[in-house]
Every structure is written in structure tokens, then in C-alpha cells.
Amino acid sequence: MTQDEMKKAAGWAALEYVIPGTIVGVGTGSTVNHFIDALGTIKDQLKGAVSSSIASTERLKALGIQVFDLNEVESFSVYVDGADEINPSRDMIKGGGAALTREKIVAAVADKFVCIIDNTKTVDVLGAFPLPVEVIPMSREYVAREIRKLGGNPVWRENVITDNGNQILDVHGLAITEPKVLEAKLNSIAGVVTNGLFAARGADVVIIGTPDGAEIR
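Residues numbered from 1 in each chain as written. Predicted model: local features only at pLDDT ≥ 70, side-chain atom pairs only at ≥ 80, totals over all residues. Heavy atoms only, no water.

A. How the structure looks around the sheet that holds strand S7 (residues 131-135). Taken in spatial order, the 4 strands make up an open sheet running S8-S9-S7-S10, and their pairing is antiparallel. Both edges of this open sheet fall to strand S8 (153-156) and strand S10 (192-195), since each of them pairs with a single strand only. Averaged over all adjacent pairs, the angle separating strand axes in this sheet is 30°, with direction ignored. Most of the contacts of helix H4 (residues 100-109) go to S10, to which it runs at about 70°, and overall it touches S7, strand S9 (167-172) and S10. Strand contacts of helix H6 (residues 179-187): S7 and S10, with the helix running at about 165° to S10, the strand carrying the most contacts. (Pairing = 2+ DSSP bridges. Helix = DSSP H or I, 4+ residues; strand = E, 2+ residues; numbered from the N terminus. Axes fitted to C-alpha atoms, helices over the stretch in contact; angles between N-to-C directions. Contact = heavy atoms within 4.5 Å.)

Written as C-alpha cells, this is what we have:
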């Protein structure tokens, strides 16, 4: 089974957590695209969706699924999204697709977070994947200096502008043994919108695509 086939297995398995007649939260990325395709097969059973990115919104609308502004939705039962890394405690690094801020907001509103990944994304310690930090453009170099004090090596992701009009620093060289502590510390730096650590609000369910199909943890 190829990596994409494992992603597809995880994405389609997440349909089990979608409650008919409700709004579903939808993340961003290649694995989530398979979940969106799966949602298209049950679109007549859905009230609609809320989305964490312009790209996912366009994909949902193309399938005929109504997309609600999050400000119109007080709560919803499930948010389905991928991860760039996830540890055994279900803490994650997200933001490889630069949608981390909207992903974190949608995840905060959802009752349940279902993370869908292929088996290459599981790690014992977070940090091999560079940690994305979304910053207000004028603060980029100040934030980078503050991150260096924490032992990280921030690299500006040039020519990438987030859906919110901001910039991304990718932080290399960290072994993240206390994700919740680092998440809070980074978010306290002036100019940081948010960072890609999802530890304060980690995943409730993890669906892993493997060569033998979807495994649920």
C-alpha cells in the first residue's frame, strides 16, 4: 500500500465519527482531502461543514457541501484534521500547510478532535518536523530572536502568506519533550499569532493509515 493509499484509508475511516444531520469540522491537507472526498458520498446527510482553510472550503463547495462561517456556529460534534507529527500522548505538530491558526480555532470549538494520518507521522518525541509559528509580518525578526533564545533555529518560509495575511517561521532543532509548556511559551511572544503545537488541545482519537488498513487509537 502506498503512502497516499494509507492516507485514503485513514480519511475514509473518519466517516464513522460523522453524525448525520450535523455540521462537521474539516481541516486541511492531503489526508484531509481524502476525508472531504468521503464526505461527498454522504453530503445529503450533512447539515454542512466549517473549514480551516480557503483550499478546503473550495473543495467542499465543489462537492456541493455547504460551508458555514465559524461565527455562525456555536458548537459542533467533530473536527477531522491531519498532523505532521503526533506523539503517544496525542500531542501534535501541525502547520505544514500554513493553516495552523484556523485549524487551532476550529479545533477549539469542536467537541471531539479526530486526527487522521498515515503511519509515517507517528513519533516518540516531537520536533523532527520543523515547528511552524505564524507571526505578524512586522514581528518576524523579533520573534526569530526570541525563539533562538529558546534553543530553536527559526527559518522564514519565504513566499508563503497564510490565509490570515501573516508569515511563517519554521523552527528547526527542537526536541519537544514538554509540548504544552513550549506551546504556551511561544504563544506569549509578542507578534506570534499561534504556533503549530496542538498540545493544550490535542487529538481525542487518532486514525492511522497502515499497510493493513486503518488503525484507531
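We are not done yet, so read on.
B. Here's a closer look at the packing of helix H2 (residues 30-40) against helix H3 (residues 54-62). The N-to-C vectors of H2 and H3 enclose an angle of 25°; their axes lie 10 Å apart at closest approach. On the basis of the axis angle, H2 is roughly parallel to H3. The way H2 lies across H3 gives a crossing that is right-handed. Mapping the contact onto sequence places Asn33, Ile36, Asp37 and Leu39 in H2 and Ser56, Arg59 and Leu60 in H3. Among the residues making up the contact of H2 with H3, the classes are represented as 3 nonpolar, 2 polar and 2 charged. (Parallel < 35°, antiparallel > 145°, perpendicular 65-115°, else oblique. Left-handed = near helix turned anticlockwise from the far one by under 90°. Nonpolar A, V, L, I, M, F, W, Y, C, P; charged D, E, K, R; others polar.)

C. Region of the structure containing the packing of aromatic side chains. On inspection of all chains with the given rule, the structure shows 1 aromatic pair. Geometrically, the ring pair formed by Tyr79 and Phe113 is edge-to-face, given 5.1 Å between the ring centres and 65° between the ring planes. On the criterion of sequence distance, the pair formed by Tyr79 in strand S3 (residues 76-81) and Phe113 in strand S6 (residues 110-118) is long-range, its members being 34 residues apart. As far as the burial class goes, Tyr79 and Phe113 line up, both buried. Between Lys104 and the ring centre of Phe198, over which it is positioned, the NZ or CZ distance is 5.0 Å. When the ring centre of Trp156 is taken as reference, the NZ or CZ atom of Arg140 above it lies at 3.6 Å. (Phe/Tyr/Trp six-rings, centres within 6.5 Å; stacked < 30°, edge-to-face > 60°. Buried < 20%, exposed > 50% of the residue type's maximum accessible area, 1.4 Å probe, protein only. Lys NZ or Arg CZ within 6 Å of the ring centre and 35° of its normal.)

D. Examining the pattern of salt bridges more closely. According to the stated counting rule, one finds 11 salt bridges in the structure shown. In this structure, Asp81 and Lys94 form a salt bridge, with 2.8 Å as the shortest nitrogen-oxygen distance. Placement of the pair is Asp81 in strand S3 and Lys94 in the loop between strand S5 (92-93) and H4, with a sequence separation of 13 residues. Its relative accessible area of 0% is what places Asp81 among the buried residues. Overall, Lys94 belongs to the buried group, its relative accessible area being 3%. What you see here is one network of salt bridges that share partners, running through Asp81, Lys94 and Glu103. (Salt bridge = Lys/Arg side-chain N within 4 Å of Asp/Glu carboxyl O.)

E. Here's a closer look at the side chain of Glu183. Mapped onto the elements of the fold, Glu183 is located in helix H6. At 3.0 Å, the side chain of Glu183 and the side chain of Lys104 are in polar contact. Setting aside anything within four residues of it in sequence, one finds Glu183 in contact with Lys104, Asn195, Leu197, Phe198, Ala199 and Ala200. (Polar contact = N/O pair within 3.5 Å; in protein donor to acceptor, adjacent residues only side chain to side chain.)

F. Up close: a nonpolar patch on the surface. Nonpolar side chains collect at one region of the surface, where Ile136, Met138 and Val193 lie side by side and expose about 310 Å² of accessible area between them. Mapped onto the secondary structure, Val193 falls in strand S10. (Patch = residues over 30% accessible without salt bridge, like charges linked within 9 Å, V, L, I, M, F, W, Y side chains within 5 Å. Areas by Shrake-Rupley, 256 points an atom, 1.4 Å probe, with all protein chains shown as cover.)

G. Here's a closer look at the sheet that holds strand S11 (residues 197-198). Across the sheet, 3 strands lie side by side as S4-S5-S11; this open sheet has antiparallel pairing. Each of the sheet's edge strands pairs with one partner strand only, and the pair in question is strand S4 (85-86) and S11.

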